[in-house]
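Coordinate inspection notes
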Amino acid sequence: MINFIKTTTVVISLLVIALIFGCSNFDDNWRETASIDTGTPGKIIEKSSELYNTLQKATTSKALEGGEVPPCVEFVYPLSLRVYDNNLNGIGSTNIRSDVEFSKVLENLPTGQSLSISYPIATTLEDGTEYTVNNNTELAIALNNCSREDIIRYYNDLFIPPTQNPINYFWRVKYSEAGDNTYFSGSFLVSPGGYLQFYYNHQKYDGTFFFLFVDDKLHININLEGDSEVVKYWNIDREVEVDGVNITIKKAPKDIKLELIYESRKEYKVGDVGPAKGIVFYDKGEYTFGWRYMEVATKNLKDSEWGCATSPISNARNTELGSGLYNTAQIINYHDNLANYYLNPSVCNSANNGTLLAKDAVKQIQDVFIDWFLPSADELDLVYKNLYLNNLGNFQDSVYWSSTEIDANTVSTVDFKTGEKTVTSKIPEKGTIKARAIRYF
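Residues numbered from 1 in each chain as written. Predicted model: local features only at pLDDT ≥ 70, side-chain atom pairs only at ≥ 80, totals over all residues. Heavy atoms only, no water.

Helices and strands together make up the secondary structure of the protein, namely 10 helices and 23 strands. Within the protein, the proportion of its 441 residues that are buried is 54%. Expressed as a percentage of contacts within the protein between residues at least 6 apart in sequence, the contacts between residues at least 24 apart total 62%. (Helix = DSSP H or I, 4+ residues; strand = E, 2+ residues; numbered from the N terminus. Buried < 20%, exposed > 50% of the residue type's maximum accessible area, 1.4 Å probe, protein only. Contact = heavy atoms within 4.5 Å.)

Structure, rendered in structure tokens:
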């Protein structure tokens, strides 16, 4: 076994930055893997990081003999390590058999190389209880918290907003290709004392949360008031993994992904450059349901179809402000639930080609922000009135898509040349309809 010493409390920034630690060629046990895989920044630990320094100190003879700070965690060997070159391509792997070997690996780190631990790994805390570590974030937390009570307290502090300079924290359901997106677009407003509110489709659901251990794994318990389908879905006690500003709620067969968002302290006015380097086109004056402002992206989306011809998506017929994200989620969920629509669009209609504008929108990245979607009819109308008419946004004199369905065959659009609200077939002539994504913040 190896003892890891307790260091100062890991700050929130450790949960946000990519963590990497490097490797050593101290023996001949590295197996060449010839770029089997590519390292993911969030799964690797940098030599200059606090986590790397903690690991290095923990494996020295002084620490092993009972150093100045008592250990929090013990790991059972062997540990599997993977080696990466400076491009994060896999070049080797090995099993570490003891604390001495691990110490040598860390001590002899070659410049430009890095490595990662193969998670999950089982740990024993100082209080004698077991804990499963799934990623670098959880490793850092375990190293600095010696009991289950310490870890639960840490997660509660992470999950809720800071008490100094308070701002509202929201954990939004994030779209994931392989995840459960049933309530994609919903978000939790969390408060001290274990209270939360779930916002979904302009509705608010009050409830509570707390963290606990079940079978040596960290769980989150969420309980909402009422008996609606939304409430039944979210009344859960499930295993969670925390990795930076993302939380994974384990749910067979597909996990639920949450991402942290929070209120902007900066104030904006229409026409300003937004936090995602878009253009602000609306300010509702206060934060409600997780947002106050809207900004539009600076470039049009690629030419794609709106969706299935002759197939109604009645939940995507909302026109009002604040409905674009919800509409977009309904469009994506409908098509994702079809039998292989994207490769076989004929399951919907032989006229479709398998592209989906809503999916393009949520996959868009602008200035690292990945929370874009299609505007509702009223939101699109504001883009026209507040930006286009003021020569802002570089829009074309073209018809633009909204996320608001009219019926099984048509969608609400706006002709930016005339300002007229129009109705357009879901499969128009190629290249004739443009689209621009927006986001809330």
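Moving on to the pairing of strand β17 (residues 279-288). Bridge count for β17 against strand β18 (residues 291-296) is five bridges, and the pairing is antiparallel. Each residue of the ladder has a partner; that of Thr288, found in β18, is Trp291. Where β17 folds back onto β18 in an antiparallel hairpin, the turn is made up of two residues, including Phe289, whose phi is positive at roughly 55°. (Pairing = 2+ DSSP bridges.)

This paragraph deals with the environment of Lys174. Take Lys174: it is sitting in the loop between β9 (169-173) and β10 (187-191). Relative accessible area serves as the criterion here: at 24%, Lys174 is assigned to the partly exposed category. C-alpha separation for the pair Lys174 and Ser185, spaced 11 residues apart in sequence, amounts to 7.1 Å. Look past the residues within four positions of Lys174 in its chain and what remains in contact with it is Asn181, Phe184, Asn246, Lys257, Leu258, Glu259 and Ile370. A polar atom in the side chain of Lys174 sits 3.4 Å from the side chain of Asn246. (Polar contact = N/O pair within 3.5 Å; in protein donor to acceptor, adjacent residues only side chain to side chain.)

Attention now goes to the side chain of Ser412. Inspection of the secondary structure assignment puts Ser412 in strand β20 (residues 410-415). Residue Ser412 is classed as buried on the basis of its relative accessible area, which comes to 12%. Apart from residues no more than four positions distant in its own chain, Ser412 is found in contact with Ala377, Trp401, Ser402, Thr404, Ile406 and Thr422.

Further remarks concern the pairing of strand β14 (residues 236-243). Remember that side chains alternate between the two faces of the sheet whenever the strand is regular. The pairing of strand β13 (residues 217-224) with β14 spans four bridges and is classified as antiparallel. When the bridges of β14 are listed, Ile220 appears paired with Arg238. Direction of pairing for β14 relative to strand β15 (residues 246-249): antiparallel, over a ladder of four bridges. Across the sheet, Glu241 pairs through a bridge with Thr248, a residue of β15. Connecting β14 to the antiparallel partner β15 that follows it, the hairpin turn spans two residues, and Gly244 within it adopts a positive phi of roughly 70°.

Once that is clear, we can look at the state of the cysteines. Applying the stated criterion to the full structure yields one disulfide. Between the sulfur atoms of Cys308 and its disulfide partner Cys348 the distance amounts to 2.1 Å. With Cys308 in the loop between β18 and α8 (324-336) and Cys348 in the loop between α8 and α9 (357-363), this pair connects stretches of sequence that are 40 residues apart. Summarising the burial analysis for this pair, Cys308 and Cys348 share the class buried. (Disulfide = S-S within 2.5 Å.)

Applying the stated criterion across every chain, the model contains 36 aromatic pairs. Between the aromatic rings of Tyr154 and Tyr155, the centroid separation amounts to 6.4 Å while the plane-to-plane angle is 85°, which identifies the pairing as edge-to-face. According to the relative accessible area criterion, Tyr155 is buried, its value standing at 1%. For the ring pair Tyr183 and Tyr200, a centre distance of 4.8 Å and an interplane angle of 70° mean the geometry is edge-to-face. Of the two residues, Tyr183 sits in the loop between β9 and β10 while Tyr200 sits in strand β11 (residues 195-200), which places them 17 residues apart along the sequence. Assessed through its relative accessible area of 10%, Tyr183 is described here as buried. Taking relative accessible area as the criterion, Tyr200 reaches 9% and is therefore assigned buried. One aromatic cluster in this structure is built from Tyr183, Phe188, Phe198, Tyr200, Tyr205, Tyr233, Trp234 and Tyr326. The cationic tip of Lys284 hangs over the ring face of Trp291; the distance from NZ or CZ to the ring centre is 3.6 Å. The ring of Phe395 has Arg436 lying over it, and the distance from NZ or CZ to the ring centre is 4.0 Å. (Phe/Tyr/Trp six-rings, centres within 6.5 Å; stacked < 30°, edge-to-face > 60°. Lys NZ or Arg CZ within 6 Å of the ring centre and 35° of its normal.)

Worth remembering: the numbers are spatial, not functional.
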